[in-house]
Amino acid sequence: MLVELEGVSKVYTQGWVSICALSDIELQIDRGEFVAVTGPSGAGKSTLLRIIACLDRPTTGMYRLDGQEIQAVSKAQQARIRSERIGYLSEHPHLISDLTVAENVEVPLVFRGISRVQRRELVEKALNRVGLQDRMNHLPGHLSIGQQQRVALARAIVAQPEIVVADEPTGRLNTRSGRELMEMLLQINRSGTCVVLATHDADLADMAERTIDLVDGRIVT
Ligand SMILES: Nc1ncnc2c1ncn2[C@@H]1O[C@H](COP(=O)(O)OP(=O)(O)OP(=O)(O)O)[C@@H](O)[C@H]1O
Ligand SMILES: [Mg+2]
């Protein structure tokens, strides 16, 4: 099992107010699965995805990624697990505007002791998979929003993660670009990478193998 959550809860505390964003989540995701997470705004989708992506930790309960208990490791180890095993994509591409497309995609590889030649190969491969190999030397500002999001997808997969966590990646895209990005996520999944996608779009959720519906921080299906 790649992802295992047992009794996971997440409570955000601000001053005197506590918000329970996730309650007692039990979830298992296998290698190579494509899981869609749906539910109304505020249901806890992003909170769940951030925990799965090792960007955050549960308040209580246990999260294991490939058998490793995340709350048992140091913050530095957690960051390393994240960079080596997880690709994360959000609604905003968060590209660095004065780096080229290729340089943006290369960012996750830079501090990993990979040779320049090998980095180039991985970057080209990732850009090929999102159909942007001919835009390598462009600046992000010269691309459409849909293309920028595909650059962010290339950056998420360049280090060949076992799991891609995508939080509303089509949220800012028109229907056609959204479908294109979804097709790419499906393609990445077919080649063996696990994908966890949060979406409001029922049509996209229907394309996943399995759907998890969240309401008020609880799984209802
Ligand atoms: N950093 C935070 N501090 C305090 N409360 C938070 C924080 N992040 C999320 N919350 C709260 O936790 C609950 C779940 O939020 P979350 O962002 O996970 O929902 P979501 O399902 O992703 O919603 P959306 O569809 O709008 O993106 C909400 O009530 C939200 O206000
Ligand atoms: Mg969200």
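Refer to the structure printed above.
What comes next is a walk through the structure.

The rules behind each value
Numbering of residues begins from 1 in every chain and follows the order in which that chain's sequence is written. Whichever chain is written first is A, and whichever ligand is written first is 1; the rest continue in order. Since the coordinates come from a predicted model, pLDDT governs what is reported: local features require at least 70, and pairs of side-chain atoms require 80 or more to be given and counted, while whole-chain, interface and lining totals use all residues. Neither water nor hydrogens contribute to the side-chain values; these are computed over all heavy atoms in the structure. Should DSSP find at least two bridges between two strands, the strands are regarded as paired. The helix and strand labels rest on DSSP assignments: H or I over at least four residues marks a helix, E over at least two residues marks a strand, and numbering proceeds from the N terminus. In this analysis, two residues are considered to be in contact whenever any of their non-hydrogen atoms come within 4.5 Å of each other. Throughout, an axis means a line fitted to C-alpha atoms (over the contacting stretch in the case of helices), and angles, computed between N-to-C directions, take values from 0 to 180 degrees. Note on definitions. A residue lies near a molecule or strand when any single heavy atom of the residue is within 4 Å of it. The definition of a polar contact used here is a pair of N or O atoms within 3.5 Å, where within protein one atom must be able to donate a hydrogen and the other to accept one, and adjacent residues in sequence count solely through side-chain atom pairs. Surface accessibility follows the Shrake-Rupley procedure with a 1.4 Å probe radius. Residue values consider only the protein chains on display as shielding. Per-residue accessibility, obtained with a 1.4 Å probe over protein chains only, is compared with the maximum for each type, and a residue is labelled buried under 20%, exposed over 50%, and partly exposed between these values. Neither His nor the chain ends contribute to the count of charged residues, in which Lys and Arg are positive and Asp and Glu negative. Salt bridges are defined as contacts in which a side-chain nitrogen from Lys or Arg sits within 4 Å of a carboxyl oxygen from Asp or Glu. To sort the angles, those under 35 degrees are grouped as roughly parallel, those over 145 as roughly antiparallel, those from 65 to 115 as roughly perpendicular, and the leftovers as oblique. Here a crossing is called left-handed whenever its near helix is offset anticlockwise from the far helix by less than a right angle, and right-handed whenever the offset is clockwise. In this classification, the charged set is Asp, Glu, Lys and Arg, the nonpolar set is Ala, Val, Leu, Ile, Met, Phe, Trp, Tyr, Cys and Pro, and all remaining amino acids, among them Gly, are polar. Take the number of residues in a helix, subtract one, and multiply by 1.5 Å to get its expected span. Take the buried Ala, Val, Leu, Ile, Met, Phe, Trp, Tyr and Cys residues and link them wherever side-chain atoms come within 4.5 Å; each set so joined is a nonpolar core.

1. Considering the sheet that holds strand S3 (residues 34-38)
Logical step 1: The strand order across the open sheet formed by 6 strands is S6-S7-S8-S3-S9-S10, and the pairing between neighbours is mixed. Whereas interior strands pair on both sides, the edge strands pair on one side only; in this sheet they are strand S6 (86-89) and strand S10 (218-219).
Logical step 2: Here S6 pairs with strand S7 (residues 163-167) via 4 bridges, running parallel. Along S7, the bridge assignment pairs Ile86 with Ile163.
Logical step 3: Each of S3, S7 and strand S8 (194-198) touches helix H6 (residues 175-190); the most contacted strand, S8, lies at about 150° to it.

2. Regarding the site of ligand 1
Logical step 1: Around ligand 1 sit 14 residues in total, of which Ser41, Gly42, Lys45, Ser46 and Thr47 are the nearest.
Logical step 2: One of the side-chain nitrogen or oxygen atoms of Thr47 is found 2.6 Å away from an oxygen atom of ligand 1.
Logical step 3: Look at ligand 1: alone it shows 640 Å² of surface, and the protein chains cover 65% of it.
Logical step 4: Where the shell around ligand 1 is concerned, the elements lending two or more residues are strand S1 (3-14), strand S2 (17-29) and helix H1 (45-52).

3. Looking at the environment of Leu173
Logical step 1: Counting through the fold element by element, Leu173 comes out in the loop between S7 and H6.
Logical step 2: Under the relative-accessibility criterion, Leu173 is labelled buried at 14%.

4. Examining the pairing of S7
Logical step 1: In terms of residue burial, S7 counts as a mostly covered element, since 5 of its 5 residues are buried.
Logical step 2: Neither face of S7 is left uncovered, since the one carrying Ile163, Val165 and Asp167 and the one carrying Val164 and Ala166 both have all their residues buried.

5. Looking at the side chain of Lys45
Logical step 1: By the secondary structure assignment, Lys45 is in helix H1.
Logical step 2: The side chain of Lys45 sits in the buried core without any salt bridge; Glu168 is the nearest counter-charge, 4.5 Å away.
Logical step 3: A polar atom in the side chain of Lys45 sits 2.9 Å from the backbone oxygen of Gly39.
Logical step 4: Residues contacting Lys45, with those up to four places away along its chain left out, are Val37, Thr38, Gly39, Pro40, Glu168, Ala198, His200 and Leu214.

6. Side note on the environment of Val37
Logical step 1: On the secondary structure map, Val37 appears in strand S3.
Logical step 2: Of the residues examined, Val37 reaches a relative accessible area of 1% and is grouped as buried.
Logical step 3: Taking the C-alpha atoms as reference points, Val37 and Val11, separated by 26 residues in sequence, lie 20 Å from one another.
Logical step 4: Apart from residues lying up to four places away in sequence, Val37 is in contact with Lys45, Leu48, Leu49, Val196, Leu197, Ala198, Thr199, Ile212 and Leu214.

7. Structural notes on the packing of helix H5 (residues 145-157) against H6
Logical step 1: Contact geometry for H5 and H6: axes closest at 10 Å, N-to-C directions at 15°. Between H5 and H6, the interaxial angle falls into the category roughly parallel. Crossing angle aside, the handedness with which H5 passes H6 is right-handed. When H5 is examined against H6, the residues Gly146, Gln149, Arg150, Leu153 and Ile157 are found in contact with a partner set consisting of Ser177, Glu180, Leu181, Met184, Leu185 and Ile188.
Logical step 2: Classifying every residue of the contact of H5 with H6 gives 6 nonpolar, 3 polar and 2 charged.

8. As for H5
Logical step 1: When the terminal C-alpha atoms of H5 are compared, their 19 Å separation across 13 residues agrees well with the 18 Å that a helix rising 1.5 Å per residue should span.
Logical step 2: Buried residues dominate H5, accounting for 12 of its 13 residues.
Logical step 3: Looking at H5, one finds that the buried residues are Gly146, Gln147, Gln148, Gln149, Arg150, Val151, Ala152, Leu153, Ala154, Arg155, Ala156 and Ile157.
Logical step 4: Against S6, helix H3 (101-106), helix H4 (116-129), S7 and H6 lie the buried residues of H5.

9. Notes on the nonpolar core
The nonpolar side chains of soluble globular proteins are, as a tendency, buried together.
Logical step 1: Counting 38 residues, the largest nonpolar core has Phe34, Val105, Leu127 and Leu153 as the members making the most contacts within it.
Logical step 2: Only S3, H3, H4, H5, S7, H6, S8 and helix H7 (202-206) provide two or more residues apiece to this core.
Logical step 3: Among the elements that line this core, the one with the most residues is H6, at 6 residues.
Logical step 4: What Phe34 contacts, discounting residues up to four positions off in sequence, is Met182, Leu185, Leu186, Asn189, Val195, Leu197, Ala208, Glu209 and Arg210.

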